[in-house]
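Each chain is listed here by its residues.
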Amino acid sequence: EKPGLELAVVSVPSYACQRHTPLLHHNTTLTDALSILAENAELGENEGRGVAFRRAAALLKSLPQEVRGAEQLRGLPCLGEHSLRVIKEVLEDGVSHEVETTTHSEQFKAMKALTGIFGVGAKTADRWFREGIHTPSDLQRSGHTLNRAQRAGLQYYDELNLPVTKPEAVAIGQIVERAVHAVLPGAEITLIGGFRRGKQTGHDVDFLITHPDEGREEGLMRKVVSWLEAQGFLLYQKTTGNSYLESKEGPARPASNMDRFERCFSIFRLRTDNEGREIQTGTEIQTGDGSQTYSPTLTNTDPHTHSDTHPHTKTDSHPLPQTLVVVGDHAQKVSWVLGHSQCSGPRSWRAVRVDLVVSPYSQFAFALLGWTGSKLFERELRRWAVHEKAMTLSSHALYDRKRTQYLRASSEEEIFAHLGLEYIPPCDRNA
Ligand code: CTP
Ligand code: MN
Ligand code: MN
Ligand code: MN
């Protein structure tokens, strides 16, 4: 008998929200392959196909051991024909032909690069791709009219594609806390998104804000944003008001995935390095674009070389204090990130994407659950609610369609209980 056959007899539930999915698991080679295909499907706006690959990957992430042979997969849910084919190929050959073809395809690479620009979705990227625009530089040269978000996205492209570290997230959290408490003492701030799930890096930092006295949080975001802007912490922000209304007949069906909280999508100007230390600015000079630089002796004007993994230490004459400039290789001991494009050298800050959400206290548990992710875990929760419980779950509320009433909850544990699910802690929601 081959070892590991016991995997097949372990019964694995089919919804990701019924399983514990830790950040670190035993099948990354397989899940990396499936994730590429999911991403490719999503970039091609084939959502259904994307979800199928994501569900297959999530199943593998929840297994207690490494899969070594296809026979171990017998009886497991979530593995469609296509995913199984890819898994078998990787198990036998080490790679999947389809995955290789995808990662090397000009279209995939261009779509990833273009949707990597903040404010650019798959539709826009595809239109540009078909016009021959394959890179952010192509876009810059094209003279296309861009909206405010896209202009900021292009301007801070390199930095926004550099992972945000945990210490950076903590530093941002301190700034957000100062801002919120300056305009509404007693308000509570919670780190949500990937960092709440235990991730050590993220593409952004997400915060949920509330106040124990319901109603006090109304209009809070505008005030927080004004404070942050006055202090020079914001490079970009787009704030929207709360438009949520609870109706007697329950939520529309299907409930919108997009919630209606007061929110702010922003880009912060962070003045600490990725270990959370305040940047020592040395001699500051003003450059043409208004950004500050350390030293006029540094020149680094080509944004393309920033994806290199080599340290940019053109500092022969004036080595900078704690400044090793590296972009693109986060594994190295990076102390700081440099400015680029129009900027003539390293500067004393970096751009970081930050999402802020304000929820009324009575909806806090739902907002917390809805904004902790992962995206697939959220999707599976809603699917479970609808198909297994005849309930509608959103980041605002849970509605029971049989009893025609809203089910209140003041903690995530209560929501899982209403849904008839075992409680899954944030660190095990990495589906
Ligand atoms: N979310 C949402 N509505 C949006 C954007 C995000 O409800 N318009 C939710 C997502 O469902 C997710 C959470 O906010 O649960 C965080 O989303 P995001 O920051 O995109 O992903 P993370 O899981 O935090 O991953 P990363 O580390 O890459 O930021
Ligand atoms: Mn996030
Ligand atoms: Mn460079
Ligand atoms: Mn986010």
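Criteria and cut-off values
- Residues numbered from 1 in each chain as written.
- Chains lettered and ligands numbered in written order.
- Predicted model: local features only at pLDDT ≥ 70, side-chain atom pairs only at ≥ 80, totals over all residues.
- Heavy atoms only, no water.
- Donors = N, O, S within 2.8 Å, 3.2 Å for Na, K, Ca; no water.
- Helix = DSSP H or I, 4+ residues; strand = E, 2+ residues; numbered from the N terminus.
- Buried < 20%, exposed > 50% of the residue type's maximum accessible area, 1.4 Å probe, protein only.
- Near = heavy atom within 4 Å.
- Polar contact = N/O pair within 3.5 Å; in protein donor to acceptor, adjacent residues only side chain to side chain.
- Areas by Shrake-Rupley, 256 points an atom, 1.4 Å probe, with all protein chains shown as cover.
- Nonpolar A, V, L, I, M, F, W, Y, C, P; charged D, E, K, R; others polar.
- Contact = heavy atoms within 4.5 Å.
- Disulfide = S-S within 2.5 Å.
- Axes fitted to C-alpha atoms, helices over the stretch in contact; angles between N-to-C directions.
- Parallel < 35°, antiparallel > 145°, perpendicular 65-115°, else oblique.
- Domains from an automatic or database assignment.
- Buried area = accessible area lost by both parts, 1.4 Å probe.
- Salt bridge = Lys/Arg side-chain N within 4 Å of Asp/Glu carboxyl O.

**Observations regarding the coordination of the manganese ion (ligand 4)**
Thought 1: Looking at the manganese ion (ligand 4), the protein donor atoms are Asp 204 (OD), Asp 206 (OD) and Asp 355 (OD), and they sit 2.1 to 2.2 Å from it.
Thought 2: Read from N- to C-terminus, the donor residues coordinating the manganese ion (ligand 4) fall into the pattern D-x1-D-x148-D.
Thought 3: The distance between the manganese ion (ligand 4) and the manganese ion (ligand 2) comes to 3.6 Å, and Asp 204 binds to both of them. Of the two residues, Asp 206 sits in strand S4 (residues 205-210) while Asp 355 sits in strand S9 (residues 350-358), which places them 149 residues apart along the sequence.
Thought 4: Judged by relative accessible area, Asp 206 falls into the buried class, the value being 8%.

**Examining the site of ligand 1**
Thought 1: Around ligand 1, a shell composed of 17 residues is seen, among which Gly 194, Lys 199, His 203, Asp 204 and Lys 375 lie nearest.
Thought 2: Separating an oxygen atom of ligand 1 from a side-chain N or O atom of Asp 204 is a distance of 2.7 Å.
Thought 3: At 3.0 Å, a backbone N or O of Gly 373 approaches an oxygen atom of ligand 1.
Thought 4: Out of a free accessible area of 590 Å², ligand 1 has 82% covered by protein chains.
Thought 5: Of all the secondary structure elements, the ones that give two or more residues to the shell around ligand 1 are helix H12 (193-196), helix H14 (364-372) and helix H15 (375-389).
Thought 6: The biggest single contributor to the shell around ligand 1 is H14, with 3 residues.
Thought 7: Looking at the shell around ligand 1 residue by residue, the class counts come to 2 nonpolar, 7 polar and 8 charged.

**Here we look at helix H7 (residues 122-130)**
Thought 1: Of the residues making up H7, those classed as buried are Ala 122, Thr 124, Ala 125, Asp 126, Trp 128 and Phe 129.
Thought 2: As for H7, its buried residues are in contact with helix H2 (28-43), helix H6 (106-115), helix H8 (136-142) and helix H9 (148-155).
Thought 3: The positive-phi residue at the C-terminal boundary of H7 is Gly 132, with phi of around 90°.

**Comments concerning the state of the cysteines**
Thought 1: Evaluation of the coordinates by the stated rule reveals 0 disulfides.
Thought 2: Left unpaired, Cys 78 is separated from the closest cysteine sulfur, that of Cys 17, by 10 Å.

**Digging into the packing of H2 against H6**
Thought 1: Between H2 and H6, whose axes approach to 10 Å, the crossing angle comes to 75°. In terms of their interaxial angle, H2 and H6 are classed as roughly perpendicular. Side by side, H2 and H6 meet where Ile 36, Glu 39, Asn 40 and Leu 43 of the first sit next to Phe 108, Met 111, Lys 112 and Thr 115 of the second.
Thought 2: Broken down by class, the residue content of the contact of H2 with H6 amounts to 4 nonpolar, 2 polar and 2 charged.

**Things to note about the packing of helix H3 (residues 47-61) against H15**
Thought 1: Running from N to C, H3 and H15 point in directions that differ by 100°, and their axes come no closer than 11 Å. Comparing their axes, H15 and H3 come out roughly perpendicular. In this structure, H3 contributes Glu 47, Val 51, Arg 54, Arg 55 and Ala 58 to the contact, and H15 contributes Leu 376, Arg 379, Glu 380 and Arg 383.

**Digging into the domain arrangement of the chain**
Thought 1: We note that the domain assignment places domain 1 (6-102), domain 2 (109-155), domain 3 (284-347) and domain 4 (365-428) within the chain.
Thought 2: In this structure, domain 1 and domain 4 have C-alpha centres spaced 25 Å apart.
Thought 3: Both sides of the domain 1 and domain 4 interface together cover about 1400 Å² of buried area, and 56% of this is carbon and sulfur.
Thought 4: Its largest share of buried area at the contact with domain 4, domain 1 owes to Tyr 15, Cys 17 and His 20, together 49% of the area lost on that side.
Thought 5: In this structure, Arg 55 and Glu 380 form a salt bridge, with 2.9 Å as the shortest nitrogen-oxygen distance.
Thought 6: Split into classes, the residues belonging to the side of domain 1 that touches domain 4 amount to 7 nonpolar, 4 polar and 4 charged.

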